[in-house]
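Structural overview
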Amino acid sequence: MTDQGDDMRPSPEILLKRAQAEEAEQGRGKLKIFLGYAAGVGKTYAMLEAAEQRKLEGMDVVVGYVESHGRFETDSLLALSALEIIPKARISYQGVVLPELDIDAVLARKPQIVLVDELAHTNAPGCRHEKRWQDVEELLAAGIDVYTTLNVQHFESLNDVVAQITGIVMRETVPDQLLDEAAEIRLVDISPDDLLQRLREGKVYIPEQAARAMETFFRPGNLLALRELSMRRAAARVDDQMRAYMERQSIAGPWPTAERLLACVSGSPNSDTLIRATRRLADELKAGWMTLYVETPDGGRHAHENRERVWRDLRQAESLGAEVATVTAPSVTDAVVDFARRHNITKIVMGKPHRSRWQEIISPPLVHRIIRQSGSIDVMVVSFASPVSASIKMAVKPKQPFDLTGYAGSFLLVVAVSLVCEMLRSVLAPTNMVMFYLLAVVLAAVRLGRRPAVATAFFGVLAFDFFFVPPRLTFAVADTQYLLTFVGLFVVGVVISSLVARSRERAEVIRTREVQTASLYYLSRDLAAAGDLAAIFEALVRNLESALDARMALFLPEGERLEIAAVSTDLAVDLKEQAVADWAFRNRQPAGRGTETLVSAGMIYLPLSTQAAVLGVLGVRMENETDYRSTENRRLLDAFAMQTAMAIERVQLAKQAEQTQILQARENLERALLNSVSHDLRTPLVTITGVLASLRKEDCTLGEAARSDLLDTAWGEADRLNRFVGNLLDMTRLESGNVVLKHELCDIQDLVGCTLAALDQSVSSRAIAVKLPPDLPLVSMDMVLMTHVLVNILDNAVKYAPPASPIEIAARSDREWLTIEVTDLGPGVPEHDLKRIFDKFYRIPVPEGAGGTGLGLSICKGIVEAHGGRIRAENLSGGGFRIIVRLPLAA
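Residues numbered from 1 in each chain as written. Predicted model: local features only at pLDDT ≥ 70, side-chain atom pairs only at ≥ 80, totals over all residues. Heavy atoms only, no water.

Our next topic: the packing of aromatic side chains. For the structure shown, the criterion picks out eight aromatic pairs. Both rings, one in Phe34 and one in Tyr147, keep their centres 5.8 Å apart while their planes meet at 65°; by these two values the pair is edge-to-face. With Phe34 in strand 1 (residues 31-36) and Tyr147 in strand 7 (residues 145-151), the pair connects residues that are 113 residues apart, well separated along the chain. When its relative accessible area of 8% is taken as the criterion, Tyr147 is described as buried. Taking the centre distance of 6.2 Å and the plane angle of 70° together, the rings of Tyr437 and Phe464 count as edge-to-face. With Tyr437 in helix 20 (residues 434-447) and Phe464 in helix 21 (residues 450-468), this pair connects stretches of sequence that are 27 residues apart. For Tyr437, a relative accessible area of 2% gives the class buried. A relative accessible area of 0% places Phe464 in the buried class. (Phe/Tyr/Trp six-rings, centres within 6.5 Å; stacked < 30°, edge-to-face > 60°. Helix = DSSP H or I, 4+ residues; strand = E, 2+ residues; numbered from the N terminus. Buried < 20%, exposed > 50% of the residue type's maximum accessible area, 1.4 Å probe, protein only.)

Below, the structure is given as structure tokens:
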């Protein structure tokens with residue numbers, strides 16, 4: 001039996017989605033929209049009243065920008081309120097000073113709530129952003145709550161609907177995504193009759209403007225339709241919030257099946273209407289949606305002509321919340337259907353074609369071909385108003401300049417072929433001369449283009465008829481069968497010219513793609529081989545300048561500001577450009593030329609973003625203004641920025657991994673030190689404490705001999721403790737570089753004698769053989785420290801050698817070095833440990849009863865190397881172990 005509580009438990013997908021949403025909202029301000037259906041309904045007044053209430057509740061509220069339009073009620077409320085008003089920025093444009101929101105002043109003030117009126121307003125040229133809603137986005141990203149006003153007709157997805165209702169196209173729009181992100185929407189509503197009465201009384205516009213408005217926009221039918229739109233939009237938002245709440249709380253409900261929509265755009269004037277219609281349909285179906293543009297090789301010239309429109313359409317779709325994709329394929333139909341199937345699209349949205357019946361018979365429209373191949377995928381057709389579309393096409397169609405060069409070339413080519421045929425007229429029949437004219441068509445298509453090639457076919461037909469078809473030197477035709485030859489020559493010439501021109505255009509597109517692919521390959525190869533940031537910077541500068549013929553600057557964060565990490569040799573970056581780069585870094589958005597933010601900058605700035613953070617900013621300056629809006633260049637720049645961000649992240653992660661390993665090794669060392677110190681300090685202290693405790697007892701009955709043995713034991717442990725602490729101090733001095741050698745000429749026999757005298761009882765009881773040649777030279781050394789070295793080496797030999805085995809000390813010299821060898825007959829050291837026995841705190845298993853800190857040989861190595869010498873260890877072939885110390889003989 002299934003527990004009902006388990007059924008209501010949120011799924012892991014819902015929990016992950018909720019966690020991601022909470023993480024995205026953390027530190028971000030909240031947006032409250034006062035929504036109305038027309039000017040004069042009281043949005044600004046309602047916003048000021050709400051702000052007053054928040055002020056009374058103790059919140060920090062300021063007025064960033066409020067436009068009263070001279071309305072008495074609004075001016076009075078603002079004047080009587082206790083709200084702080086941020087002074088407006090003054091922007092000079094064409095001799096006129098325009099007031100705008102001072103976004104920098106608001107960010108510096110950083111209140112809890114700021115009032116920003118007229119969300120759809122277009123900022124004056126020279127402002128940071130093109131639109132005011134972009135200012136609001138930056139304020140929200142800074143953690144400031146925003147109260148703003150908006151009319152329903154300014155939503156981008158409703159633009160064409162409002163145009164159909166009112167006959168007026170709204171130029172100032174905001175993306176629907178702002179409504180989706182709003183924490184609260186307050187519908188400000190009055191009846192259309194009351195609004196018209198306010199308009200007549202002059203409370204909305206001055207009388208002259210009010211009269212014109214009532215004749216155009218403020219008609220009762222328009223107001224009723226707009227009022228219904230605003231209510232429906234607000235109700236849809238409430239429904240979305242209810243669904244989100246039910247999903248968060250795992251409340252069962254009739255959830256709709258998942259739908260995915262695909263809008264297909266082509267750069268036509270109706271593409272924006274199609275995009276808005278798809279957005280509205282996606283809202284109604286609660287579905288995700290995508291926008292696809294297919295670029296075909298034979299449409300390369302059209303893509304070039306429509307580049308600006310395609311770019312605007314794709315950006316508009318992104319602003320409305322769509323995923324945007326661009327693919328290149330020889331067939332639009334196959335590309336659309338294949339893309340839809342691979343991305344699990346359930347509905348394809350396309351525009352209704354405006355073609356005559358005979359045109360559809362000759363060449364079936366794209367929508368018909370997609371319907372036949374779509375299979376289980378639904379195809380939805382959006383109709384457009386034909387007269388409006390036609391007028392738009394007439395307005396936006398670029399005027400092609402008439403170039404006589406190609407046509408003159410085609411004419412000369414026909415003249416040359418005619419001369420050749422005239423010379424061969426005696427040996428060739430007229431029908432065979434057709435081949436020469438077809439060859440001229442091919443040459444014209446390859447060299448001059450499609451239209452000059454068609455002109456060549458036309459001129460060729462005329463020349464062939466005039467010069468070679470009887471009767472000659474006239475266009476009259478004696479044999480009507482030549483008419484078929486004329487038609488065949490012209491048709492074949494047109495077909496050949498089309499095929500050759502199409503192949504040429506495809507080759508150009510392929511060459512462009514090849515150049516882009518090669519550029520990305522070279523950059524990826526160089527970045528993969530780069531091992532540090534300097535190599536990454538060098539590879540980026542070299543590849544970007546070569547691929548785009550541009551100049552660049554790379555900015556990386558240094559503390560609280562951005563610093564130039566790499567720059568092209570002939571590029572100067574001033575403080576203004578650095579400020580734009582800093583804005584792109586802080587807001588994680590592109591800025592500068594070719595974007596909608598800070599368009600007056602001299603470069604385009606792209607943030608180097610990864611999933612974790614923004615690592616820097618890439619600034620690029622191109623040669624021509626059109627290069628900034630080229631879709632190919634923008635895709636290539638985005639790819640360069642992504643590759644660079646990944647390479648920088650890889651280097652940083654490698655450094656972090658290296659630092660982590662160092663910290664891990666340090667922790668292991670500290671752990672080993674604590675273990676060693678705790679054991680080697682505690683053992684002698686326990687012995688000394690036990691001896692003192694026994695001697696301190698009042699009823700102690702120990703004899704004199706026992707007391708003497710206890711005192712000797714305590715003395716030995718105290719001496720052991722003293723050596724241990726001395727080793728720690730010596731190691732500390734060696735690592736810090738504070739060891740100062742007191743060089744003096746010393747005799748090796750004195751060194752060995754002092755060493756044997758310094759050994760304790762356990763070591764001195766061993767059989768130690770000393771083999772020193774009598775002719776050993778004096779050596780410059782620190783006698784005390786080198787004695788310490790030999791004591792540690794002999795102490796180490798005693799621990800590992802059998803109790804009865806002898807230990808040998810030998811020395812020899814050559815012209816440059818003095819060599820001292822200490823040999824024992826112990827078991828030796830495993831081969832894999834030979835290189836590590838001089839490391840700090842490294843110990844191999846020792847016989848029972850032998851202790852040590854693992855510092856002795858490490859100290860020996862430090863002291864010997866401080867003398868400029870060397871120390872090493874080796875196993876003897878017949879058994880045993882030897883440590884070799886070499887000191888330079890230079891005085």
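Take the sheet that holds strand 15 (residues 561-567) next. Hydrogen bonds along the backbone pair up the strands of a sheet, which may run parallel or antiparallel. Across the sheet, which stays open at both edges, the five strands sit in the order 15-14-18-17-16 with antiparallel pairing between neighbours. What marks the edges here is a single partner per strand, and that holds for strand 15 and strand 16 (591-592). Sheet strands in contact with helix 23 (residues 533-548) are strand 14 (551-558), strand 15 and strand 18 (614-621), and its direction is about 155° off that of strand 14. (Pairing = 2+ DSSP bridges. Contact = heavy atoms within 4.5 Å. Axes fitted to C-alpha atoms, helices over the stretch in contact; angles between N-to-C directions.)

Moving on to the sheet that holds strand 23 (residues 817-824). Spatial ordering of the open sheet is given by 20-22-23-25-24, a layout of five strands whose pairing is mixed. Each of the sheet's edge strands pairs with one partner strand only, and the pair in question is strand 20 (768-771) and strand 24 (870-875). Strand-to-strand twist of the sheet, defined as the mean angle between neighbouring strand axes without regard to direction, takes the value 15°. In terms of strand pairing, strand 20 meets strand 22 (residues 807-813) through four bridges, oriented parallel. Bridge pairing in strand 22 links Ile768 to Ile807.

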